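# Report on the structure
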Amino acid sequence: MLSILKALGISRNPPVFILYTLDKHSRLSISERSSSSSLQPFVRPKTNLLTAMATTLINVSNRLPVTVKDGQITRSSGGLVAALEGLPKEQFAAKWIGWPGAAFDEESQRTVAQKLSGEYGSLPVFLSEEEVAGFYEGFSNSSLWPLLHYLPNFLRYEPAWWEQYQQVNELFAKKVLEIANPGDLVWVHDYHLMLVPAILRAAAPKFKIGFFLHTPFPAHEIFRCHPRRRELAAGILGANLIGFHAFGYLRHFCGSVRRILRLETELTHIATEDHTAALGVYPIGINALKFQETLESQAFRQRRQQFRHAHEGKRLIVSVERMDYTKGILHRLEAIDIFLSKRGQTDEARFIFVSVPSREGIEEYKHLVSEVESRVGQLNGKYGTLLGSPIHFIHGSIPFVDLCALYATADIAVVTPLVDGMNLVAKEFVGCQQENAGLLILSEFAGAAEELFNAIMVNPYDSAAVADAIEQALEMPIAERRSRALPMRDHVFRYDARHWARTFIKDLGSIAVDKPRTGAESIQELEQRLASLAATGKRVALFLDYDGTLREIEREPGAAIPTDAVISLLDCLGQKPNLEVTVLSGRSQSDLEGFLGNQPIRLVAEHGAAWRLPGSKEWERLDKNLNYSWKEKLLPILRNYQQSTPGSSIEDKHSSIVWHYRKAEEEFGAWKANRLTQELAALTANHPIKVIHGKKMVEVSALENNKGAVVKRVVEQDGTFDAVCCAGDDITDETMFELPIPNLFSIKVGPGRTQARFRVSDPQAFRQLLARVFMGKEKSKKAA
């Protein structure tokens, strides 16, 4: 048994330790153990009358929505605060858990806690200066932050930081456990608290826990650099719902979970031993209401007029961001150098940089400030004239109304982070474009690039291209500028921060927290219930996979012809008046027709891309509206792997491409399959294509083609089945097992994690089970 996380103690009496482990099959399990080695139930306080009137949302973030400094409490106006303030008060009662932003002595802690709880609905987690240094400045921002932003060269790691990170995550989880009641929603935010979901899952498995990552999630090749990669991935997986800004981040997370924790993943969920974590994409938006109110205010109009007067005759180009090495500030200054060197009249363009101080206690940030200030000074000295300097640099915050006026006055915003989870500055600038129709130059590596489709997209590492984009934006006609800006502005205001929060919370609230389905329910119970249905003449639909379920897998796929036992079983089942039998397979139409064409049953080929109805000889394509042009682009990649992997082969179907490596040397074939899966997943990350690493094969197919969709279609069209039985052996069959169909009997054939309720050991045992239930004990022997 390999420990993922050492025992994490939550201060209770007796002490309780949460143990994260991987077994020899690399399966994740989380257990809770007291000091006496017996599991202890966690007793919640009773829900009072007030909280019973609305669902309680416990928001857990590194910082509270308020800052306490010098005895004064200042409310934050960030996007997260605005998002939750926009929730209907009659539906949700929000509570906040977080750090208040300063260290306090014991007496002051009691006073501050009472005031925050009573007046602001906030519960502080007090941290010492040592904890802040190790947890926040150390592990979170010197170790995790650079790695999540694809900058491993900035990564620093110290074991003491990791200890502090664990301890602080325990403190946050403990605070949640002190106030949470059954039925509450717990929403954990960001990379500072990656362990909290798993700690809560072990202590309170019935909680509905959401986790949202506000940064990018990097590719596995980057994330695996972290010394605590396994613990961090396992911690996030404690959530019921895991949210990301962009689909690519979700795919990267799945890739890391597959390779680091050896868990099977789907685009929509990841199943662990004790629960299923749903996955989703939720792009955050701006505080649209606050911007709208400001844009309509007299103060805004006055400041905008002042800015116009101050910069009269100038083309104003703005950059607003935190002072951070991920924001590409030095690369942007290089682009400005190139732009100014090419442009004759340097006095025409004026650049305004607003760089908000950030993490000033971290050494890398101190160096960055010094380097940026030096570079700005060099450029102003190089291109300045008697009429002024080309760059106005502000290292500090500016009032919100001034920010809006600056956005509204600017001709261009250059938002070119090297990588960014979303980048709300881009959306804020777009939201402030009314009369001016300013143009947005946006890094293609910002999450906002997936939504702000009319921006001028640039590679922030290509300084010459950024300089050309600035020139292009300055020369663009006003009509084209408006046609680009207005649709984006509508999008920004429609999908704002409140929409983001409502969508995530709705999805979290709709998740059913049931007993995990591990395939461990009694096979005797299954047999008895199916036999009862058969004996009373109830209509039953059987959906059966072929390879590995009805028929043993062969080293040579073509050798897996149906045996006498399979033919006898299907002959009998097909003649039962109250049974409707469907065999589903990833095989081609020709394979299934050759194997089972004489059987009076429904055949489904290529995971649901085509079917042949009972009694018919004609096949019908179910994927007529799908485009498979991607096959031509991906096939050469599979060819390369075939050439470099002796014993492998390619199967080119109508709806998919399959790389088989059953005949290859086992370890080498598995290694190549993992590499191929990673490469294909990266290439198809933003397309409706799924990459499946199944049993000795890697298959690329359209996302819409899956067995679950076929089962749902048949059941809904018929509408008279009393029960539905689905059986399969690999990941492609899980889409059947997770369907919300009444009286669904899901059966996993063979080992491995599954969502199925029941499990049989192998195809022979499964055939015998069907024969006993539907053919009688004597005939069941023929199914062997």
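Analysis parameters
- Think of each chain on its own: its residues are numbered from 1, step by step along the sequence as written.
- Only residues with pLDDT of at least 70 get local features here, since the model is predicted, and only at 80 or more are side-chain atom pairs given and counted; chain-wide, interface and lining totals rely on the full set of residues.
- Each side-chain value is worked out from all heavy atoms of the structure, with water and hydrogens disregarded.
- Put simply, DSSP H or I for four residues or longer makes a helix, DSSP E for two residues or longer makes a strand, and each gets a number counted from the N terminus.
- Throughout this description, buried means an accessible area under 20% of the type-specific maximum (1.4 Å probe, protein chains only), exposed means over 50%, and partly exposed covers the range between.
- Every residue pair with non-hydrogen atoms within 4.5 Å of one another is taken to be in contact.
- Surface accessibility in these figures is a Shrake-Rupley result with a 1.4 Å probe; residues are shielded only by whichever protein chains are displayed.
- Only buried Ala, Val, Leu, Ile, Met, Phe, Trp, Tyr and Cys residues count toward a nonpolar core, and they belong to the same one when joined by side-chain atoms within 4.5 Å.
- At least two bridges found by DSSP between two strands are what make those strands a pair.
- Put simply, a salt bridge is a Lys or Arg side-chain nitrogen that is within 4 Å of an Asp or Glu carboxyl oxygen.
- In this analysis an axis means a line fitted to C-alpha atoms, helices contributing only their contacting stretch, and an angle means the value between N-to-C directions, from 0 to 180 degrees.
- The term disulfide is used for any two cysteine sulfur atoms that are within 2.5 Å.
- The predictor's confidence in any single residue is recorded as pLDDT, a number from 0 to 100.
- Angle categories are assigned with fixed cut-offs, so that under 35 degrees is roughly parallel, over 145 is roughly antiparallel, 65 to 115 is roughly perpendicular, and the rest are oblique.
- For a crossing to be left-handed, the near helix must be turned anticlockwise from the far one by less than a right angle; the clockwise case is right-handed.
- Gly counts as polar in this scheme, as do all residues outside two lists: the nonpolar Ala, Val, Leu, Ile, Met, Phe, Trp, Tyr, Cys and Pro, and the charged Asp, Glu, Lys and Arg.
- Between the first and last residue of a helix there are one fewer steps than residues, each counted as 1.5 Å, and that sum is the expected span.
- The arc in question is formed by the directions pointing from the helix axis toward the C-beta atoms.
- Here a Phe, Tyr or Trp ring, Trp counted by its six-membered ring, pairs with any other such ring whose centre lies within 6.5 Å, and the pair is stacked when the planes are under 30 degrees apart, edge-to-face when over 60, and tilted otherwise.
- Charge-over-ring placement is defined geometrically: NZ (Lys) or CZ (Arg) within 6 Å of the ring centre, and within 35 degrees of the ring normal.
- Within 3.5 Å is the distance limit for a polar contact, defined as a pair of N or O atoms, with the added protein rule that one can donate a hydrogen and the other accept it, and that residues adjacent in sequence qualify only through two side-chain atoms.

## Thoughts on the overall build of the chain
On a plain count of helices and strands, the chain comes out with 26 helices and 31 strands. Taking all 784 residues of the chain together, 55% fall into the buried category. Counting only contacts in the chain whose residues sit at least 6 apart along the sequence, the fraction spanning at least 24 positions is 68%. Accessible area for the chain stands at about 32,700 Å²; split by element, carbon and sulfur atoms hold 51% of it.

## Structural notes on the nonpolar core
In this structure, Met194, Ile242, Phe253, Phe351 and Ile470 are the most contacted members of the largest nonpolar core, which totals 95 residues. Ranked by residues supplied to this core, first place goes to helix 4 (residues 159–179) with 9 residues. If sequence neighbours within four positions are ignored, Ile242 has contacts with Phe211, Ile236, Leu237, Phe253, Ala277, Ala278, Leu279 and Gly280. Among the nonpolar cores identified, the runner-up in size contains 61 residues, and Val66, Val68, Trp96 and Met422 belong to it.

## So, the environment of Leu635
Of note, Leu635 is situated in helix 21 (residues 630–644). Sequence-wise, Leu635 and Asp652 are 17 residues apart; in three dimensions their C-alpha atoms are separated by 8.5 Å.

## A closer look at the pairing of strand 9 (residues 185–189)
Buried residues dominate strand 9, accounting for 5 of its 5 residues. The two faces of strand 9 match: Leu185, Trp187 and His189 on one face and Val186 and Val188 on the other face are all buried. As paired elements, strand 4 (residues 55–63) and strand 9 share 4 bridges and run parallel to each other. Counted as the bridge partner of Ile58 is Val186 from strand 9. Examined bridge by bridge, strand 9 and strand 10 (residues 208–212) share 5 bridges and lie parallel to one another.

## What to know about the pattern of salt bridges
Following the criterion strictly, the structure yields 40 salt bridges and no others. The partner of Glu435 in a salt bridge is Arg304, with the nearest N and O atoms 3.7 Å apart. Of the two residues, Glu435 is situated in the loop between helix 14 (424–431) and strand 18 (439–443) and Arg304 in helix 10 (residues 298–310); the sequence distance between them amounts to 131 residues. Across the pair Arg481 and Asp411 runs a salt bridge whose closest N-O atoms are separated by 3.7 Å. Separated by 70 residues along the polypeptide, Arg481 in helix 16 (residues 478–494) and Asp411 in the loop between helix 13 (400–409) and strand 17 (412–415) bring together distant segments of the chain. Given the relative accessible area of 11%, Asp411 is considered buried. Overlapping salt bridges bring together Glu334, Asp337, Arg375 and Lys382 as one network.

## Here we look at the sheet that holds strand 25 (residues 649–652)
With antiparallel pairing, the 4 strands of this open sheet are ordered in space as 25-26-28-27. Only two strands of the sheet have a single neighbouring strand rather than two, namely strand 25 and strand 27 (689–694). For this sheet the average axis-to-axis angle between neighbouring strands, irrespective of direction, equals 15 degrees. Both strand 27 and strand 28 (residues 697–702) contribute to a ladder of 6 bridges, which runs antiparallel. Paired with Ile689 across the bridge in strand 28 is Ala702. Helix 21 rests against strand 25, strand 26 (656–660), strand 27 and strand 28 of the sheet, and its axis sits at about 5 degrees to strand 26.

## Some details on the environment of Met736
One can find Met736 in helix 24 (residues 734–737). By relative accessible area, which is 0% here, Met736 ends up buried. For the pair Met736 and Phe543, spaced 193 residues apart in sequence, the C-alpha to C-alpha distance is 8.8 Å.

## Observations concerning the state of the cysteines
All chains considered together, the criterion is met by 0 disulfides. Cysteine Cys726 shares no disulfide, and the gap to the nearest cysteine sulfur, in Cys725, comes to 6.8 Å. The class of Cys726 is buried, set by a relative accessible area of 0%.

## Points about the confidence of the model for the chain
Chain-level pLDDT for the chain is 86 on average; 89% of the residues reach the 70-or-more range. In the predicted structure, residues 1–52 sits below a pLDDT of 50 and forms 117 contacts with residues beyond four places in sequence or in another chain. Taken as a whole, residues 516–520 scores under 50 in pLDDT and shows 20 contacts with residues more than four places along the chain or in a different chain.

## Thoughts on the packing of helix 7 (residues 229–236) against helix 8 (residues 247–261)
In the contact formed by helix 7 and helix 8, the axes pass within 10 Å of each other and the chain directions differ by 120 degrees. It follows that helix 7 is oblique to helix 8 by the angle criterion. Judged by the twist between their axes, the crossing of helix 7 over helix 8 is left-handed. In this structure, helix 7 contributes Arg229, Arg230, Ala233, Ala234 and Ile236 to the contact, and helix 8 contributes Phe253, Ile260 and Leu261. Class assignment for the residues of the contact of helix 7 with helix 8 results in 6 nonpolar, no polar and 2 charged.

## Section: the pairing of strand 17
Side-chain alternation along strand 17 places Ile412 and Val414 on one buried face and Ala413 and Val415 on a second face that is also buried. As judged from the 2 bridges shared by strand 14 (residues 315–322) and strand 17, these two strands associate in the parallel manner. Its bridge partner being in strand 17, Val318 is matched across the sheet by Ala413. Judged from the 4 bridges that link them, strand 17 and strand 18 form a sheet pairing that is parallel. Note on strand 18: the bridge partner recorded for Ala413 is Leu440.

## Details of the sheet that holds strand 8 (residues 122–124)
Read from one edge of the open sheet, 8 strands run 8-7-4-9-10-11-13-12, paired in mixed fashion. At either end of the open sheet lies a strand with only one pairing partner, and these are strand 8 and strand 12 (269–271). Across the sheet, the axes of successive neighbouring strands diverge by a mean angle of 20 degrees, strand direction being ignored. Helix-sheet contacts for helix 8 involve strand 11 (241–244), strand 12 and strand 13 (276–281), and the interaxial angle to strand 13 is about 150 degrees. With respect to the sheet, helix 17 (residues 497–510) is in contact with strand 4, strand 7 (92–99), strand 9, strand 10 and strand 11, its orientation differing from that of strand 9 by roughly 130 degrees.

## Here's the deal with helix 15 (residues 463–475)
The end-to-end C-alpha distance of helix 15 is 19 Å, a good match for the 18 Å that 13 residues give at a rise of 1.5 Å each. Of the residues making up helix 15, those classed as buried are Ser463, Val466, Ala467, Ala469, Ile470, Ala473 and Leu474. All buried residues of helix 15 lie within an arc of 155 degrees about the axis, which places them on one face of the element.

## Notes on the packing of aromatic side chains
Given two aromatic rings, one states the distance between the centres and the angle between the planes to describe the pair. One pass over the structure, following the stated rule, counts 28 aromatic pairs. Pairing Trp187 with Phe504 gives two aromatic rings, centres 4.5 Å apart and planes at 5 degrees, and the pair type is stacked. Remark: Phe504 occurs in helix 17 and Trp187 occurs in strand 9; sequence separation between them is 317 residues. You can call Trp187 buried: its relative accessible area is 0%. You can call Phe504 buried: its relative accessible area is 0%. Three or more aromatic residues link up through ring pairs in this structure, and these residues are Phe135, Phe139, Tyr157, Trp162 and Tyr165. The cationic tip of Lys290 hangs over the ring face of Phe400; the distance from NZ or CZ to the ring centre is 4.2 Å.

## Points about the side chain of Ser61
Structurally, Ser61 can be placed in strand 4. Look at Ser61 and you get buried, because its relative accessible area is 6%. Within the structure, Ser61 has its side chain in polar contact with the backbone oxygen of Arg63 (distance 2.7 Å). Sequence-distant contacts of Ser61, defined by excluding residues within four places in its chain, comprise Leu80, Trp96, Ile97, Gly98, Trp99, Phe172, His189 and Leu193.

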